Structure formats: structure tokens, C-alpha cells
Amino acid sequence: MEEKIYTDYFYDPNGFDTQDAAYKPLKQYPCAPSPLNIPALLQPDKETASDVYYTVTAQAGEVQLVPGPKTKTWGYNAPLLGKFLVFKRGQHTHITLRNELPELTTFHWHGADVPGPITDGGCHAPVYPHQERKIDFTLEQPACFMWLHAHPCPLTAEQVYKGLATGVIVRDDVEAQLPFPRNYGVDDIPLVLQDRNFTADNQWDYQRDYDPDGVLGETPLINGTVNPYFDVTTQRVRLRILNGSNRREWRLHFSDDTVMTQIGSDGGIMPAPVKMTKLMLACAERAEVIIDFGHHQPGDTVTLYSDDTPILEFRIHDYAPDHTVLPDHLVDIPAYHVTPGTPVRKFTLDGTDDKVMINGKKFNMTRIDERQQLNTTEYWEITNTNSCHNGMGHPFHVHSTQFEIVSRNGHAPNPNEHGLKDTVQVNPQETVRLKVHFTCPGVFMYHCHIIEHEDGGMMGQIEVFDPEHPRTYELMNMKTLVDALATERGVKPEEVWMPDMEGHGGCTM
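All figures in this text were calculated on a predicted structure; none of them were measured in a lab.

Here is what the cut-offs are and how they apply
Note on numbering: residues in each chain are counted from 1, in written sequence order. With the structure being a predicted model, the display of local features is reserved for residues of pLDDT at least 70 and the display and counting of side-chain atom pairs for 80 or more, all residues being used for whole-chain, interface and lining totals. Only hydrogens and water are set aside; all other atoms, that is, all heavy atoms of the structure, feed into the side-chain values. Labels follow the DSSP assignment, with helices taken as runs of H or I lasting at least four residues and strands as runs of E lasting at least two, numbered in each case from the N terminus. Between the two quantities, the radius of gyration covers C-alpha atoms and the globule rule is 2.2 Å times the number of residues to the power 0.38. In this scheme, a residue with accessible area under 20% of its type's maximum is buried, one over 50% is exposed, and one in between is partly exposed, where area comes from a 1.4 Å probe on protein chains only. Two strands pair if DSSP finds at least two bridges between them. For this analysis, residues touch if any pair of their heavy atoms sits within 4.5 Å.

A. Looking closely at the overall build of the chain. If you tally the helices and strands in the chain, you get 5 helices and 34 strands. In terms of C-alpha radius of gyration, the chain reaches 22 Å, essentially the compact-globule figure of 23 Å for 509 residues. Over its C-alpha atoms, taken along the principal directions, the chain stretches across nearly 60 × 60 × 55 Å. The buried share of the chain, reckoned over its 509 residues, is 61%.

Listed below in C-alpha cells is the structure:
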């Protein structure tokens, strides 16, 4: 039987971000190619058989990204983006979160099933300048590719734009037995996809570029590299791809339609591989794919594109033949059954620009919008109320869970959506049904991951409660946040610039 190879994007073109009047296509920057930056792995401060200790520092720096002046940036244990972390399933992880930035930030473990709100690192867990916070957790979830990013609502978009985003690789014994490339930096390569605009003196001016529907940069950066190339020295290469952009969707394909075999999504390895020539990732989505360059010769160049713009050259060198065949079945994923008697929980994603809301409400930091019992499984239905003619797709993300996509408008989900996910693109006039299960208690956010949308109020909070161990949470309020920022920036509270959310008067200059 001939293998199925998908040759079209799975998403509805009516939901592409190109539908927005303010859309900016990518443009190749006019400078010489550079080797793709491969983020270093952060080394533990200490490690035993059962425990590991890290220090993660948010810091400012500057980087030579394009010819001319260096660009001022932020990063984790690095001037831009950051060193990647590696967690082992079942190992107790201790992290010291240190802030060496001039303003408060938070450390959100996107994709991690950890308690909230403090360990999860959303808006209620600020770390103030020159201070630190200690957290610890044990991950009991499958091997996957997660990420760490700032989440101090409503400053998330600006801090991510400045560079506060890095990768997290979770390993386990099941993934280790699969025939995947896993020599990091050689045949196991992370790709953090982002886009930026440069000023005349090579800086990133977020407030100049601000758009309530999401900031789009014209220059693609891959792992913080402009016009990158990668030297291929093995026949098979595993790409761990993260859409780390504020707003942009990435529609990926190779110059010669080389096949990508997707083996993983947000929550880890998928039950079965899926072959395709086109892959689209909405904001915050991840995909792991294997590329087989066996039909190329040394000296060939294969280029990865997003739409019509080249973003990464693969330069083929000598490689040893590799006849590895992936099995038809890769892993089993948890089979959660919906708890009897639980109603379908419904959400609407409403509006665009500064009118974005969930269920007709803007986010309020001290309001709990929903409650779900720990270790129960519910159906959630997410409906995008935007028009098909001038609306937008909204990537819906839920903290501290990996859900299963059950259906799209009553039909089967896309072929590469049969694994675990924490972010799902919901197209205009579409209803997506999810199966949601929480294993950690706490207060967690759910929101659109167009980051300007979440900063603008397209976000809510759910309390995951354990009836046997009830808790009360002290939630940070907007006044505390604004007063802290005013002090840090040396301005009056009413002069603090930030997007509009409930409880704050909106953008001021």
C-alpha cells in the first residue's frame, strides 16, 4: 500500500493571518548568510539520581544580528533567547529563577504540567529586578519539546519580542527506544521561528511597531540568526520546530518539496508518523519532524521556505547511508475518558484588534472565570466568532495541560492532530472540541496565543481544585503591577505604557 503524503496545508486559508489588512509578508534581509545558531544546553548546578538543580537568569545583552550596530536584546542565561534546558521525566527539578532585567518579569513553563499559579509562572508569579524566586516540580509527562517564555500580562508580547523565549526538551525512556536522530546540534536541531523589524540603528522598537492584532516583523530570525544555513552531515535530521512569534503563522515547505515526517506535536511524540510537504504552525505550536536527505548529493543546497521567503539553507555534505525505517506505531498516549455528568464547557473567541475577548469578557487578573475538578476529564468547545471574510484564526492555549483534539466543526481533526496538544488553531466560524484533563491543582490561564491578543484581554482563568485539599489563592492585581512598573521605569502609574485590559485604562504614552 502506497504511503499517504499530504501536499496541502491542513488549515483553512480563510483563517490565515494574511487575511488581516495589516499583514506584512516576510522579506529576506540583504546580508550574507550566517551559520545557524544552535543554542547551548544549560548545565545543571548540581545533579543526583533523583534531583537536578538549575539557575535560570533573565538578562539583558546585545547581539551582532546584521551588519552595523549590535541589537540590544534580552535572554535566558544568554544575550538572546537562551540556553535550552533538558528535563527528565520523573526527576525532581529545582530551579532558581533570577531576574537581572530592569523590570519585573515572570518565567512561564509553556507545555509543562506543573502546579499554578506560581510554579506555572503566569502573571501572578513576578520576579522583581535583582531578585530571585525558587520553584521545584516533578514532570510526569511524556518526552516532548516545550518552551520557557516571559508571561507578565500585559507585558508578555513586549518581553518575548525583546528575546525572552527558549526551548525545553523533556526526555523519557519510551522516546529513547524509538529510532529517532537525537545527537543534539548534529542531527537533532531546534528551530525557534521568529520575526522582527529593525530600526535604522539595528534596534527592535516594540512600541513603534505595536499592533493590537499582533506585531509582525518583516525579517525572519531562526534561533536568533538572520539568513541562516545549516551544514547537513547525516542523512536524517530531526527538527524540533517552535513558532515563537508574537503573531505570525509559519507555512513551511522545502524548495524541492522534500517530505517532512512529523513525529511529534506540542505534547510529545504522536501515536503514528505523518508525511507531508507543507506544514503550518500557528503561534506557540510545536512540531517535531524528520527530514531524510538521502535523495540529495553532497554539494546540494535545499532551502526551507515560509510562504515565498527563504528562511534556512540546508547545505548537504558527505553522510553515511541510513536505512532506518520508522515504525507505523510510535507511542500510546493517555486514554482519558470524559467524567460522567460533566457538562460541555464552552468558550467563544471574540473580536479583533483592541476588541478581543473570551466569552464576551476582557481578562481580569483577580477574577476566576471557570472551575474544574482535579483529575477529571471534560469536553471543552472553543468557537471562533470572527467572520470568515475579515476575521482571524486564534491559537487557543491552556496552561498546565496537554489536551486531545476531538473534532473540528463535528469532523475529524487534521491528520497531524492525533497527538497531545496545548495550543490549537481555531479558524473563523469554527468550533473545536477538546478533551481536557488536569493533573496539577492551581489557577491557570487560557488564552489566544497571538501574544498581543492575550495582553489585550483575550484571556481567562480556571481554578483546578482538589475537593479533598481546598485552597485559597492570593492573585496579583493590576494596581500592584502598574505601581511596580511605574517605580521601575521612573514614571507615574498613569504614564505606564501597556495594552488595554479590564482594570486598566489602556495604552498610554
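Still to come is the rest of the account.
B. Molecular detail of the pairing of strand E5 (residues 71-76). In terms of burial, E5 is largely enclosed, as 5 of its 6 residues are buried. With 6 bridges joining them, strand E4 (residues 51-63) and E5 adopt antiparallel strand pairing. When the sheet's bridge partners are listed, Gly 61 is paired in E5 with Thr 73. Pairing geometry for E5 and strand E6 (residues 81-82), over 2 bridges, is parallel. Opposite Gly 75, over in E6, you have Leu 81 as the bridge partner.

C. Up close: the side chain of Asn 202. The topology assignment puts Asn 202 in the loop between strand E13 (188-196) and helix H3 (206-209). When its relative accessible area of 3% is taken as the criterion, Asn 202 is described as buried. If sequence neighbours within four positions are ignored, Asn 202 has contacts with Tyr 29, Val 66, Pro 67, Gly 68, Pro 69, Lys 70 and Thr 71.

D. Geometry of unusual backbone geometry. A cis amide bond links Gly 116 to the next residue, Pro 117, at an omega of 5°. Here Pro 117 is to be found in the loop between strand E9 (108-110) and strand E10 (132-138). A cis amide bond, omega 0°, links Cys 153 with the succeeding residue Pro 154. Note on placement: Pro 154 falls in the loop between strand E11 (144-149) and helix H1 (156-162). Phi is positive for Asn 223, close to 55°, though the residue is something other than glycine. Within the fold, Asn 223 resides in the loop between strand E14 (219-222) and strand E15 (228-232). Residues other than glycine seldom take positive phi values, yet Asp 257 does so here, at roughly 60°. For Asp 257, the location among the structural elements is in the loop between strand E17 (250-254) and strand E18 (260-265).

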